[in-house]
Amino acid sequence: MESDLVDQRKKKIDELTERGIDPFPNDFKPSHSTAQLNSAHGDSSPEQLDELKDEFALAGRVVAIRDFGKSIFLHITDGSGRIQGYLRKDVAGPEQLDFFKKIIDIGDIVGIKGSLFKTKTGELTVNIKFVKLLTKSIRPLPEKWHGLKDVEIRFRQRYLDLIANPEVKETFIRRQKIIKLIRHFLDNRDFFEVETPILHPIAGGAAAKPFKTYHNALDMELYLRVAPELYLKRLLVGGFERVYEIGRSFRNEGLSNQHNPEFTIMELYQAYATYEDLMSLIEELFCYVAETILGTLEFEYQGTLINLNPPWERVSIMASLEEIVGAEVLHSEDMLFKKADSLGINHLGIRGKALVEIFESVLGDKIVNPTFVFGFPLDVSPLARRNSENPELTDRFELFINGREYANAFSELNDPVDQRARFMAQLEMKAKGEEEVHEMDEDFITALEHGMPPAAGAGVGIDRLVMLLSNVPSIREVLFFPHLRPE
RNA sequence: GGGCCGUUAGCUCAGUUAGGUAGAGCAUCUGCCUUUUAAGCAGAGGGUCGCAGGUUCAAUCCCUGCACGGCUCACCA
C-alpha cells in the first residue's frame, strides 16, 4: 500500500530526529553542477582524473541506487543533468555506508563530496567520501524505466512529470527560449515592451467570452482581459510608436487540444506601418525563431512536413471564395447563406461570418505551409482599418500554418467616428444572437479622438507557436499546469 | 455541451475467452554480493479492480447512473 511506503519513510525521519540529525538541513553548498563536471571531465582519461586532487561537492536527487553490499552505485540529478556516485565502504567508511543503506531512498535529495574517477565502462563517477541527507522524501517516485505516463498525474503533479520524463523539461526550456528570441527580435527593431492591465472594466480587443471577477473596495465587476489590444493602442496615442506585450489572456470558452482558458499572446503595434509591413515582420520573426531553435525552416509537425521558407503565400479571401463558390454567390446574400447552411455553418445572418467560415471550412484545413489569408469582411473586423478600394473589407490578415491560425493582424482603425459606428454594429450582431462581440468602449473612443497615428498591429498565439516548434500535439504539453477539472 | 474510448498494486501494464473474492516487471521489506548502470541471486509484504446502485447463489468482469481523463465535433488563439 502507498501508506506503507510513506510510513516506512516517515519512520526514518523519526529515527533521524531521535539521533539529532536534521532531515531537512540547508547548510550544504555544491561547488559544481553535474553538467559542469560532465563537460569539464567527461572526456578526461582515468590518469588525468587521478592527477586531479580536487574534491567536488554536488547536490541533487537520488534517482537510482544499486547496492552491492560493501559498495553502492547511485545516480543523482540536479538542475543541469545527472552523474553517477560510488560509495565504497573502504573510502567513505562503514558509518556512512550504513547510514546510506538505512536512511537514503530513491527520491531523497543529498549532498555528496568526493574525487572523480572512471568506471570500467568509462562513466565519469564521483568517488564519494562524504554524503549528507539534504531533504528526506516520503513519497515514492514514478517507476524508472517506463516513466510516468498517466496524463492526469503528469499534468496535475507536473513536478513528477519533470522528474520522470526528461524530454518534458526540454519542451519548457524551449518554450522560454522561444519567448526570449521573440523579445530579442522585437527589441532589436526598437519595439518597447510594456505591461498593460489584466483586470479590465470592459473586456475588449477580441470577440470572446470573458471571465468575470469582482473588486470589493470599488464595488465593481471587472473582467480578465481577452486581449491587450485596446490598451496597447492607447499607448500609441500617448506617443509610444512601437510597443509590444507578451502575456496571459483569458477566454471563457471550451477546452481542447489547442485551447486553454488562459493562454499567452504576443501583441505588437507599430505606428506608420500597414498590415503588409506586418506580413513581412511576422514572416521574419517566425523564420528567425524557427531557424534559431531548429536550425532549419523545414521540419515535421505531427507527421506533416512544414516549409517556412519565405516568401510566404498570400491569399485573398474574396478571390478564393469566388473560385470556390462563384461570384454570383458572393453577391447574393440568399445564395451565400444557403451555401453556408449546406456546410453546417451557424452564420446568424451575418454576411462576414458566413464568408469567413465558408473560407475556413473549405480551404482552411488545406493550408499546410504558412499562408497569409487577407481581406477580412468589415463586420467581423471591428477594430481594423477599412480597405480603401473595397469599403466592405478590411486591411486584415490571419496567418495559417497546417490548418491552424497562428497570427491575426491588421492596419488599425484610427477614425473615432467609424470606430463608434463599428462598435454599434457589433451590438446589432449581438442582438442577432452572436454571443462573442466587441463591447462598446467609450474610453477607447475618447483616446482615438485625441488622435492615434496610423498604425498596424498583430497578435501571435505563443502557445501554438511553441507547439509547432516542439512537435507536440496538445497545448497541455507546453503549459506547466494546463487547466483540468479539480479532482 | 454532443459522440466514442478509458480508469486493475506506489509506477508501467497483463487478465477476467464464457461471472467463481486478481497477476507480472519496477519500486518496497529481509538475506547475500566492493566497477554496477533496467545490476544479479534467494525469499516476503502490498489491491474495497474509479465511485454508487442493479442483476445474480456469487460481480473486477454483465446493466444503469456518476466522477475524472483521452480522442473527436462545434467556437475561439
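Engineer: Honestly, the overall build of chain A in this entry has me stumped. Any pointers?
Structural biologist: Along chain A, the regular secondary structure elements total 17 helices and 18 strands. A compact globule built from 487 residues should have a C-alpha radius of gyration of about 23 Å, whereas chain A, at 29 Å, is more than 25% larger. Referenced to the eigenvectors of the C-alpha coordinate spread, the extents of chain A come out at roughly 90 × 55 × 50 Å. Across chain A, every contact between residues at least 6 apart in sequence was considered, and the portion connecting residues at least 24 apart equals 66%. Entry remark: accessible area of chain A is about 24300 Å², with carbon and sulfur atoms responsible for 51%. For chain A, the centre of its 59 positive side-chain charges and the centre of its 78 negative side-chain charges are spaced 8 Å apart.

Engineer: What should I look at first to understand the domain arrangement of chain A in this one?
Structural biologist: When cut into domains, chain A gives domain 1 (2–140) and domain 2 (164–312 + 369–478). Here domain 1 and domain 2 have C-alpha centroids that lie 49 Å from each other.

Engineer: Whenever I open this one, the pairing of strand E12 (residues 298–301) confuses me. Can you help?
Structural biologist: The side chains of a regular strand alternate, first on one face of the sheet and then on the other. Residues Phe299 and Tyr301 of E12 are buried on one face, while the alternating residues Glu298 and Glu300, pointing to the opposite face, are not. Bridge count for E12 against strand E13 (residues 304–307) is 4 bridges, and the pairing is antiparallel. Counted as the bridge partner of Phe299 is Ile306 from E13. As consecutive antiparallel partners, E12 and E13 are separated by 2 residues, and within that stretch Gln302 has a phi angle of approximately 50°, a positive value.

Engineer: Would you mind going over the packing of aromatic side chains with me for this structure?
Structural biologist: Each pair of aromatic rings is reported with the distance of its centres and the angle of its planes. Taken as a whole and judged by the stated rule, the model has 11 aromatic pairs. A ring pair is formed by Phe192 and Phe240, whose centres lie 5.0 Å apart and whose planes are at 5°; its orientation type is stacked. Within this pair, whereas Phe192 is found in strand E6 (residues 192–193), its partner Phe240 is found in the loop between helix H9 (229–237) and strand E10 (242–250), the two being separated by 48 residues in sequence. With a relative accessible area of 41%, Phe192 lands in the partly exposed category. Through successive ring pairs, a cluster of aromatic residues spans Tyr275, Phe286, Trp312, Phe372 and Phe397. Looking at Lys113, its charged tip hangs above the ring of Phe130, at a distance of 5.2 Å from the centre. The lysine or arginine in question, Arg234, covers the ring of Tyr231, its NZ or CZ lying 4.5 Å from the ring centre.

Engineer: What's the story with the packing of H9 against helix H16 (residues 442–449) in this structure? I'm lost.
Structural biologist: Working note: a packed helix pair is described by the angle between its axes plus the distance between those axes. Contact geometry of H9 with H16 gives a least axis separation of 9 Å together with a crossing angle of 25°. When the interaxial angle is binned, H9 and H16 end up roughly parallel. The two elements H9 and H16 cross, and the hand of that crossing is left-handed. Contacts from Leu230, Lys233, Arg234 and Val237 of H9 reach H16 at Asp443, Phe444 and Ala447.

Engineer: Any chance you could explain the nonpolar core here in plain terms?
Structural biologist: One recurring pattern in soluble globular proteins: nonpolar side chains tend to sit buried together. If you look at the biggest cluster of nonpolar residues, it comprises 49 residues, and the most contacted ones within it are Ile182, Met266, Leu268, Ile282, Phe286 and Leu399. No other element matches the 11 residues that helix H10 (residues 275–294) contributes to this core. The contacts of Phe286, once residues within four sequence positions are left out, are Leu308, Trp312, Leu399, Ile401, Tyr406, Val460 and Leu465.

Engineer: What exactly am I supposed to notice about the pattern of salt bridges here?
Structural biologist: Side chains bearing opposite charge may pair, as long as their charged atoms lie close to each other. Following the criterion strictly, the structure yields 30 salt bridges and no others. Two residues, Arg189 and Glu284, come together in a salt bridge whose shortest N-O distance is 3.1 Å. Of this pair, Arg189 sits in the loop between helix H8 (166–188) and E6 while Glu284 sits in helix H10; the two residues are 95 residues apart in sequence, bridging distant segments of the chain. Given the relative accessible area of 28%, Arg189 is considered partly exposed. Residue Asp418 pairs with Arg386 through a salt bridge whose shortest N-O separation is 3.1 Å.

Engineer: Mind showing me how you'd approach the sheet that holds strand E9 (residues 220–224) here?
Structural biologist: Each strand in a sheet pairs with its neighbour through backbone hydrogen bonds, running either in the same direction (parallel) or in the opposite one (antiparallel). As summarised here, the arrangement of the 3 strands in space is E7-E9-E8, forming an open sheet in which the pairing is antiparallel. Of all strands in the sheet, those with a lone pairing partner are strand E7 (199–200) and strand E8 (212–215), marking the two edges. Both E7 and E9 contribute to a ladder of 2 bridges, which runs antiparallel. The partner of Leu199 across the bridge, within E9, is Leu224.

Engineer: Help me understand the confidence of the model for chain A in this model?
Structural biologist: When pLDDT drops low, the exact placement of atoms in the prediction is not to be read closely. Chain-level pLDDT for chain A is 92 on average; 99% of the residues reach the 70-or-more range. Model confidence for chain A, summarised as mean pLDDT per element, is weakest for helix H12 (residues 327–331) at 79 and strongest for E6 at 98. Scoring the predicted complex yields pTM 0.93 and, for the interface, ipTM 0.90.

Engineer: Please explain unusual backbone geometry as it appears in this structure.
Structural biologist: Excluding glycine, most residues fall at negative phi; most peptide bonds, likewise, are trans. Residue Pro311 is bonded to the preceding Pro310 through a cis peptide linkage, with omega at 0°. With respect to the helices, strands and loops of the structure, Pro311 is situated in the loop between E13 and strand E14 (313–316). Even without being glycine, Asp219 reaches a positive phi, approximately 50°. The topology assignment puts Asp219 in the loop between E8 and E9. On the basis of relative accessibility, which here comes to 55%, the residue Asp219 falls in the exposed class.

Engineer: Explanation requested: the side chain of Ser381 in the structure shown.
Structural biologist: Along the chain, the position of Ser381 falls in the loop between strand E15 (371–374) and strand E16 (396–401). Engagement of the side chain of Ser381 in a polar contact is seen with the side chain of Arg396, the distance being 2.8 Å.

Engineer: How should H8 be read in this particular structure?
Structural biologist: Because an α-helix completes one turn every 3.6 residues, residues spaced three or four positions apart along the sequence face the same direction. Here H8 is 23 residues long and its end C-alpha atoms lie 33 Å apart, about the 33 Å a rise of 1.5 Å per residue gives. Those residues of H8 not exposed but buried are Val168, Thr171, Phe172, Arg175, Ile178, Ile179, Leu181, Ile182, Phe185 and Leu186. Summarising the contacts, the buried residues of H8 are in contact with helix H6 (151–156), helix H7 (158–164), E10, strand E11 (262–271), H10 and helix H17 (462–470). Within two residues after H8, Asp190 carries a phi angle of roughly 65°, on the positive side.

Engineer: Teacher, can you tell me more about the sheet that holds strand E3 (residues 81–88) here?
Structural biologist: On the basis of which strands lie adjacent, the closed barrel formed by 5 strands has the order E1-E2-E3-E5-E4 and mixed pairing. Recorded for the sheet is a direction-independent mean angle of 55° between the axes of neighbouring strands. Sheet topology note: the strand E4 (residues 109–118)/strand E5 (residues 124–135) ladder contains 10 bridges and is antiparallel. Within E5, the position partnered with Leu116 by the bridge is Val126. Contacts between helix H2 (residues 34–41) and the sheet are confined to strand E1 (56–67), strand E2 (71–78), E3, E4 and E5, with E3 contributing the most and set at about 85° to the helix. Here helix H5 (residues 94–103) sits on the sheet and contacts E1, E2, E3 and E5; the angle it forms with E5, its principal contact strand, is near 60°.

The rules behind these values
Residues numbered from 1 in each chain as written. Chains lettered and ligands numbered in written order. Predicted model: local features only at pLDDT ≥ 70, side-chain atom pairs only at ≥ 80, totals over all residues. Heavy atoms only, no water. Helix = DSSP H or I, 4+ residues; strand = E, 2+ residues; numbered from the N terminus. Rg over C-alpha atoms; globule rule 2.2 N^0.38 Å. Contact = heavy atoms within 4.5 Å. Areas by Shrake-Rupley, 256 points an atom, 1.4 Å probe, with all protein chains shown as cover. Lys, Arg positive; Asp, Glu negative; His and termini not counted. Charge placed at Lys NZ, Arg CZ, Asp CG, Glu CD. Domains from an automatic or database assignment. Buried < 20%, exposed > 50% of the residue type's maximum accessible area, 1.4 Å probe, protein only. Pairing = 2+ DSSP bridges. Phe/Tyr/Trp six-rings, centres within 6.5 Å; stacked < 30°, edge-to-face > 60°. Lys NZ or Arg CZ within 6 Å of the ring centre and 35° of its normal. Axes fitted to C-alpha atoms, helices over the stretch in contact; angles between N-to-C directions. Parallel < 35°, antiparallel > 145°, perpendicular 65-115°, else oblique. Left-handed = near helix turned anticlockwise from the far one by under 90°. Core = buried A, V, L, I, M, F, W, Y, C linked by side-chain atoms within 4.5 Å. Salt bridge = Lys/Arg side-chain N within 4 Å of Asp/Glu carboxyl O. pLDDT = per-residue confidence, 0-100. Polar contact = N/O pair within 3.5 Å; in protein donor to acceptor, adjacent residues only side chain to side chain. Expected span 1.5 Å × (residues − 1).

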